[in-house]
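Overview (structure and organization)
Residues per chain, in single letters:
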Amino acid sequence: EFLCEFHFSFCDAIPTTCIQMRNLILSAFPRNVRLPDPLTPNLKVDLLPEITHPPSIGCNVTEALIQHNVLAPLEQYVSTRQPSSFPQKLCEKLQTSAAAAADSKAGKGSPSEAAAGGGDEFSSSSSRYDVRLVNSLVLHVGMQGIAKLQAKNEEGMDNACMDIFERLVMKLDPEGRYYVLNAIANQLRYPNNHTHYFSCVLLYLFLHSEDMFVKEQITRVLLERLIVHQPHPWGLLITFIELIKNPQYEFSRQPFTNCAPEIARLFDSVTRSCMPAKDDGPGAGGGARGVVHLPSAYEMEEKKLGGGHP
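Residues numbered from 1 in each chain as written. Predicted model: local features only at pLDDT ≥ 70, side-chain atom pairs only at ≥ 80, totals over all residues. Heavy atoms only, no water.

**Comments concerning the overall build of the protein**
Selection rule: In this text, helices come from DSSP runs of H or I with a minimum length of four residues, and strands from runs of E with a minimum of two, each type numbered from the N-terminal end. Exposure classes here rest on a 1.4 Å probe applied to the protein chains alone. A residue is buried below 20% of its type maximum, exposed above 50%, and partly exposed in between. We call two residues in contact whenever any of their non-hydrogen atoms come within 4.5 Å of each other.
Of the regular secondary structure elements, the protein holds 14 helices and zero strands. Beginning at the N terminus, the succession of helices and strands in the protein can be written as α-α-α-α-α-α-α-α-α-α-α-α-α-α. Out of the 310 residues belonging to the protein, those deemed buried represent 49%. For the protein, restricting intrachain contacts to residue pairs at least 6 apart in sequence, the fraction spanning at least 24 positions comes to 73%.

Quick look at the structure:
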């Protein structure tokens, strides 16, 4: 319960590169919650009773937004969709806030490594983005989006909150987009309405993006969390399984899944790990119920070299 309630603060403190450590936090679930098997045929996630319940969050999600004077204009835009220029200014704000913090210490820092994800947000000079502000923004916008859907009984994603997510993903550079997608993936946890909403957001962005690099980066964010050793968050598995199984996403037809033989083998291995065998029975496979074994980076390297585990 402690890890569940303070996951947001932990994710702020854990460096981007510490993927397995973050998975350990995000895989926690309350003791009174039973995780449905992600491989259950025709599992209807939206019909699970827990999927309508909000998770308990014990930290101040809006603290960074208040510090950077973003909260008031953000809530105005969420309510009115005005001014229309706000999403673009928000993209600029995520960079200028980090630049100001860096300038106040050691001058303007160099951009982080290509495609983001190689930097460490503990070092102000390693990123041009305020990662804490990105995390706060994404979770708060998502919470507002859930509230709007519940209040109006809306269906679909056509609202101001989705406008913000789309603009962030379309207009930010690869580094900024990586942090936004990571912040979304941080909410894919045990069954609750945050997990369901952010899973839908990620799948919506994949489906509607016309930029192949956006689709590739969404896949990268999910996959890099899945090829480390267990545990893997339940919501992460559910989202990735939906992405590869649902034909509307045409995942296997995406060019990046077949750009090189080793990449094609990786996706084939992960896809087979996420697909239940046709002859699976109640005790088939000898594994624990609800556990999906995905090949870790270590196992894939051993297989490539022709070796085995000691």
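The discussion continues.
**Re the confidence of the model for the protein**
Counted only if it meets this: Confidence of the prediction at every residue is given by pLDDT, a number between 0 and 100.
The predicted model of the protein has a mean per-residue pLDDT of 81, with 77% of residues at 70 or higher. Every residue in residues 296-310 is under pLDDT 50, and counting partners more than four places away or in other chains gives 16 contacts.

**Observations regarding the packing of aromatic side chains**
Our working definition: Pairs were defined over the aromatic rings of Phe, Tyr and Trp, the Trp ring being its six-membered one, requiring ring centres within 6.5 Å. Orientation was assigned from the angle between planes: stacked under 30 degrees, edge-to-face over 60, tilted for the rest. Ring-over charges, as used throughout, are those where CZ of Arg or NZ of Lys falls within 6 Å of the ring centre and within 35 degrees of the ring normal.
Applying the stated criterion across every chain, the model contains 11 aromatic pairs. On the numbers, 5.2 Å between centres and 40° between planes, the contact of Phe 2 with Phe 6 is tilted. Given the relative accessible area of 53%, Phe 2 is considered exposed. Taken together, the aromatic side chains of Phe 206, Phe 240, Tyr 249, Phe 251 and Phe 256 make up a single cluster linked through ring pairs. The ring of Phe 206 has Lys 215 sitting right over it, with the charged end atom 4.7 Å from the ring centre.

**Observations regarding the side chain of His 140**
With respect to the helices and strands, His 140 occurs in helix α7 (residues 131-152). With near-sequence residues (within four places) excluded, His 140 lies in contact with Val 61, Thr 62, Leu 65, Leu 71, Leu 74 and Glu 75.

**A few points about the environment of Leu 71**
Residue placement: Leu 71 occurs in helix α5 (residues 71-80). In this structure Leu 71 comes out as buried when scored by relative accessible area, which is 18%. Along the primary structure Leu 71 and His 140 are separated by 69 residues, whereas in three dimensions their C-alpha atoms are 9.2 Å apart. If we ignore the near neighbours within four places in the chain, the residues touching Leu 71 are Thr 62, Leu 65, Ile 66 and His 140.

**Some details on the side chain of Asp 12**
Counted only if it meets this: Contacts described as polar in this section are N or O atom pairs within 3.5 Å, which, within protein, must combine one atom able to donate a hydrogen with one able to accept it, while residues neighboring in sequence count only if both atoms come from side chains.
Residue placement: Asp 12 occurs in helix α2 (residues 7-13). Accessibility expressed as a relative area gives 16% for Asp 12, which makes it buried. A polar side-chain atom of Asp 12 sits 2.8 Å from a polar atom in the side chain of Asn 135.

**Points about the pattern of salt bridges**
Test applied: Should a side-chain nitrogen of Lys or Arg be within 4 Å of a carboxyl oxygen of Asp or Glu, the pair is scored as a salt bridge.
For the structure on display, the rule yields seven salt bridges. Between Glu 1 and Arg 31 there is a salt bridge, and its shortest N-O distance comes to 3.2 Å. Within this pair, whereas Glu 1 is found in the segment before α1 (2-5), its partner Arg 31 is found in the loop between α3 (19-26) and α4 (63-67), the two being separated by 30 residues in sequence. On the basis of relative accessibility, which here comes to 74%, the residue Arg 31 falls in the exposed class. Ionic pairing is found between Arg 128 and Glu 175, a salt bridge with its closest N-O pair at 3.7 Å. Residue Arg 128 is found in the loop between α6 (86-105) and α7, and its partner Glu 175 is found in helix α9 (residues 174-185); the two are separated by 47 residues along the sequence. Each of Arg 128, Asp 173 and Glu 175 takes part in salt bridges that share partners, so that together they form one network.

**Observations regarding α3**
Formally: Directions pointing from the helix axis toward each C-beta atom define the arc.
All of the buried residues along α3 are Ile 19, Arg 22, Asn 23, Ile 25 and Leu 26. One face of α3 carries all of its buried residues, which in axial projection span an arc of 160°. On the buried face of α3, the contacting elements are α1, α2, α9 and α11 (212-226).

**Quick word on the environment of Arg 81**
Mapped onto the elements, Arg 81 comes out in the loop between α5 and α6. Judged by its relative accessible area of 31%, Arg 81 falls in the partly exposed class. Arg 81 sits 82 residues away from Asp 163 along the chain, and the two C-alpha atoms are 8.8 Å apart. Apart from the residues lying within four places of it in its own chain, the contact partners of Arg 81 are Gln 76, Asp 158, Asn 159, Ala 160 and Asp 163. One polar contact links the side chain of Arg 81 to the main-chain carbonyl oxygen of Asn 159, over a distance of 3.2 Å. Polar contacts involving the side chain of Arg 81 include one to the side chain of Asp 163, which spans 2.9 Å.

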